[in-house]
Amino acid sequence: MDLGFNLQALGIEWGTAVMFGMLIALLLTGMPLAFVTLLVALIFALGWFGPMSIPLITSRVYSFVMNFVFVSVPMFVLMAAILDRSGIARDLFDAMKLFAGRIRGSVAIQTVFVAVILAAMSGIIGGEIVLLGLLALPQMLRLGYDRGLAIGVVCAGGALGTMIPPSIVLIIYGLTANVSIGELFTASFLPGLMLAGFYCAYILARAYLTPGAVPDVDPTPVSRAEKMRLLKGLALPIFVVAAVLGSIYGGIASVTEASAIGVGGVVLSTILRGEFSYALLRGAAMQTLATVGMIVWIGIGATAIVGVYNLMGGVDFVSEMITGISDNPTVIVLVMMAILFFLGAFLDWVGIALLTMPIFVPIIVDLGMDPVWFGVVFCMNMQVSFLSPPFGPAAFYLKSVAPPDITLGIIFRSLLPFIGLQIVALALLIAFPGITGR
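An unreviewed UniProt entry lists the protein under the name TRAP transporter large permease protein, from Paracoccus spongiarum. Recorded in UniProt under Function (unreviewed entry), the annotation for the protein is "Part of the tripartite ATP-independent periplasmic (TRAP) transport system."

Structure (structure tokens):
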């Protein structure tokens with residue numbers, strides 16, 4: 001009881017500071033975020049309320065993991081894992097030169113196109129960046145593309161999985177904010193394509209305005225037989241994308257059901273290509289278990305600590321502090337974006353979403369703004385965090401498959417123009433919410 005008295009005597013202001021300081025200190029020890037949040041939640045639950053508060057934490061955790069839509073997360077992760085192990089992405093990349101082969105910077109352009117299609121198939125950025133790092137980066141370097149441009153295209157293009165449905169980031173946001181994931185998918189599609197368009201425009205500008213940035217166009221025509229062979233590589237990916245997104249937008253299936261359709265489509269594709277095997281399925285399943293296990297544990301920890309903080313009165317305290325900054329809703333949104341930028345430099349997107357959205361989304365609703373639009377804005381912000389130093393995961397994914405002479409410093413410097421494009425896209429979404437169709 002003394003511990004409970006002492007912690008509660010701090011008041012919510014100092015309690016917030018101590019909780020945040022404890023989180024940072026434990027994270028600096030290298031302890032995983034999921035266990036840090038669970039430990040801090042337990043300490044504050046016992047210290048602030050006593051042992052009787054523990055069932056309240058477990059009930060919140062139970063409601064999070066039992067959400068039916070959450071089933072779609074392992075399905076989409078499994079899709080990405082199977083794609084990693086099949087030759088579908090390689091054939092898709094080869095086929096795209098039919099559409100971009102006659103313009104300067106064609107390989108970089110087709111890399112962005114392939115990134116969009118891969119994003120629409122799975123919504124996982126790590127696998128996309130590794131795939132593009134193995135397929136596109138060596139080819140661009142061999143052809144004489146500017147190294148910085150090639151690196152930036154691979155990382156930024158691979159990160160489009162955050163925005164293009166069926167994005168796992170959108171699904172987690174929808175679960176946290178309690179908004180329709182189908183509406184989130186619809187609202188994010190055009191902004192995702194807009195960002196991809198910005199990348200293509202930047203590539204073309206570099207190709208035509210910067211001497212030596214890209215090689216000359218290959219004048220060799222593609223034979224009819226080669227065209228037919230390459231077009232076959234498009235058939236299966238387009239089929240999977242149409243099956244997943246078509247079933248969602250057509251009202252045929254829910255997001256969860258569509259994720260199962262997507263897994264079936266990818267498995268069928270590997271069977272038709274003669275690539276399916278027990279080893280492939282087992283490896284994909286093990287990768288899925290590891291990825292989803294991480295997401296679930298972070299979700300459990302974040303749900304617990306937010307629940308405890310809410311009981312302490314912390315959510316109301318933070319809401320009053322943020323809304324008291326200005327009477328202008330746009331200024332409040334910009335403050336939220338600044339907080340997300342800061343957190344994005346140190347935490348992964350799962351932790352950020354689950355820790356901040358239970359606080360931010362009610363404020364957005366109280367301000368009369370659309371939580372679906374804010375979800376798209378949040379995902380665009382996470383695009384920046386994927387690329388930003390010092391812990392931008394996109395750079396580390398690429399480093400794992402890049403040539404040894406490409407250091408993390410080179411990768412991060414190469415990403416700066418693309419981070420700028422992402423910030424421009426984010427500013428446009430805030431200034432013109434109608435881009436989302438809301």
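With that settled, consider the overall build of the protein. Across its full length, the protein holds 21 helices and zero strands. Along the three orthogonal principal directions, the C-alpha set of the protein runs to about 80 × 50 × 45 Å. Put simply, the protein has 438 residues, and 53% of those count as buried. Expressed as a percentage of contacts within the protein between residues at least 6 apart in sequence, the contacts between residues at least 24 apart total 79%. In the structure as shown, the protein presents an accessible area of about 18300 Å², 69% of it carried by carbon and sulfur atoms. With 18 positive and 20 negative side-chain charges, the protein shows a separation of 18 Å between the mean positions of the two kinds.

What follows concerns the environment of A25. Inspection of the secondary structure puts A25 in helix α2 (residues 11–28). In this structure, the C-alpha to C-alpha distance between A25 and R413, residues 388 residues apart in sequence, is 29 Å.

With that settled, the discussion passes to unusual backbone geometry. The peptide bond linking P165 to P166 adopts the cis configuration, its omega dihedral lying at 5°. As for its position among the elements, P166 is in the loop between α10 (147–158) and α11 (168–177). Unlike most non-glycine residues, N178 shows phi in positive territory, near 60°. In this fold, N178 is placed in the loop between α11 and α12 (181–209). The exposure class assigned to N178 is exposed, which follows from its relative accessible area of 71%.

Think of it this way: side chains of opposite charge can pair up when their charged atoms draw near. Applying the stated criterion across every chain yields a total of four salt bridges. Of the charged contacts, one joins D146 and R206 as a salt bridge, the two residues approaching to 3.5 Å between their closest N and O atoms. Note that D146 is positioned in the loop between α9 (125–143) and α10 and R206 in helix α12, a separation of 60 residues in sequence. By relative accessible area, R206 is classed as buried at 18%.

Another point: the packing of aromatic side chains. Per the stated rule, a full pass over the model turns up seven aromatic pairs. For the pair W373 and F374, a centre-to-centre distance of 6.4 Å together with 55° between the ring planes defines the contact as tilted. F374 carries the same exposure label as W373, and that label is buried. Taking 6.3 Å as the distance between ring centres and 75° as the angle between the ring planes, the aromatic pair formed by F396 and F412 counts as edge-to-face. Of this pair, F396 sits in helix α20 (residues 393–399) while F412 sits in helix α21 (residues 408–431), placing them 16 residues apart in sequence. One aromatic cluster is present, built from ring pairs that chain together Y199, Y202 and F418. Directly above the aromatic system of Y208 lies the positively charged group of R104, at a separation of 5.9 Å from the ring centroid.

Mean pLDDT for the protein: 85, with 96% of residues reaching 70 or above. Highest mean pLDDT in the protein belongs to α21 (94); lowest belongs to helix α1 (residues 2–9) (54). Contacts for the low-pLDDT stretch residues 1–5, under 50 throughout, to residues beyond four places or in other chains number five contacts.

So, on to a nonpolar patch on the surface. Among the surface-exposed residues, F20, I24, L28, F342, F346, F391 and F396 lie close enough to one another that they form a single nonpolar patch of about 770 Å² accessible area. Sorting elements by how many residues they give to the nonpolar patch places α2 first, with three residues. Tracing the backbone shows F342 in helix α17 (residues 329–344). Classification of F342 by relative accessible area gives partly exposed; the value is 47%.

The next subject is the environment of I322. Along the chain, I322 falls in helix α16 (residues 314–323). Given a relative accessible area of 4%, I322 falls into the buried group. The contacts of I322, once residues within four sequence positions are left out, are I332, M336, I339, F360 and I363.

Right, let's get into α2. Along an α-helix, residues three or four positions apart point the same way, because every turn accommodates 3.6 residues. Between the first and last C-alpha of α2 there are 26 Å, a value that for 18 residues agrees with the 26 Å anticipated at 1.5 Å per step. Turning to α2, its buried residues number three or more, namely I12, G15, T16, M19, L23 and L26. Mapping the buried residues of α2 onto a view down its axis gives an arc of 110°, with all of them on the same face. Exposed residues pointing more than 90 degrees away from the buried face of α2 are listed as W14 and L28. Positioned one or two residues after α2, G30 has a phi angle of 95°, which is positive.

It is worth spelling out the packing of helix α8 (residues 106–121) against α10 at this point. For the pair α8 and α10, interaxial distance at closest approach is 9 Å and the crossing angle is 15°. Considering their axes alone, α8 and α10 lie roughly parallel with respect to each other. Read as a crossing pair, α8 and α10 show a hand that is right-handed. Counted together, A108, T111, V112 and A115 of α8 and V153, G157 and G158 of α10 form the full contact between these two elements. Among the residues forming the contact of α8 with α10, the class breakdown is four nonpolar, three polar and no charged.

Further remarks concern the side chain of T288. In this structure, T288 sits in helix α15 (residues 278–311). Accessibility expressed as a relative area gives 9% for T288, which makes it buried. Setting aside its immediate chain neighbours within four residues, T288 contacts P74, V77, L78, A81 and G293.

What counts, and at which threshold
- Residues numbered from 1 in each chain as written.
- Predicted model: local features only at pLDDT ≥ 70, side-chain atom pairs only at ≥ 80, totals over all residues.
- Heavy atoms only, no water.
- UniProt positions renumbered as here; feature names shortened; annotations may be inferred.
- Helix = DSSP H or I, 4+ residues; strand = E, 2+ residues; numbered from the N terminus.
- Buried < 20%, exposed > 50% of the residue type's maximum accessible area, 1.4 Å probe, protein only.
- Contact = heavy atoms within 4.5 Å.
- Areas by Shrake-Rupley, 256 points an atom, 1.4 Å probe, with all protein chains shown as cover.
- Lys, Arg positive; Asp, Glu negative; His and termini not counted.
- Charge placed at Lys NZ, Arg CZ, Asp CG, Glu CD.
- Salt bridge = Lys/Arg side-chain N within 4 Å of Asp/Glu carboxyl O.
- Phe/Tyr/Trp six-rings, centres within 6.5 Å; stacked < 30°, edge-to-face > 60°.
- Lys NZ or Arg CZ within 6 Å of the ring centre and 35° of its normal.
- pLDDT = per-residue confidence, 0-100.
- Patch = residues over 30% accessible without salt bridge, like charges linked within 9 Å, V, L, I, M, F, W, Y side chains within 5 Å.
- Expected span 1.5 Å × (residues − 1).
- Arc of directions from axis to C-beta.
- Axes fitted to C-alpha atoms, helices over the stretch in contact; angles between N-to-C directions.
- Parallel < 35°, antiparallel > 145°, perpendicular 65-115°, else oblique.
- Left-handed = near helix turned anticlockwise from the far one by under 90°.
- Nonpolar A, V, L, I, M, F, W, Y, C, P; charged D, E, K, R; others polar.

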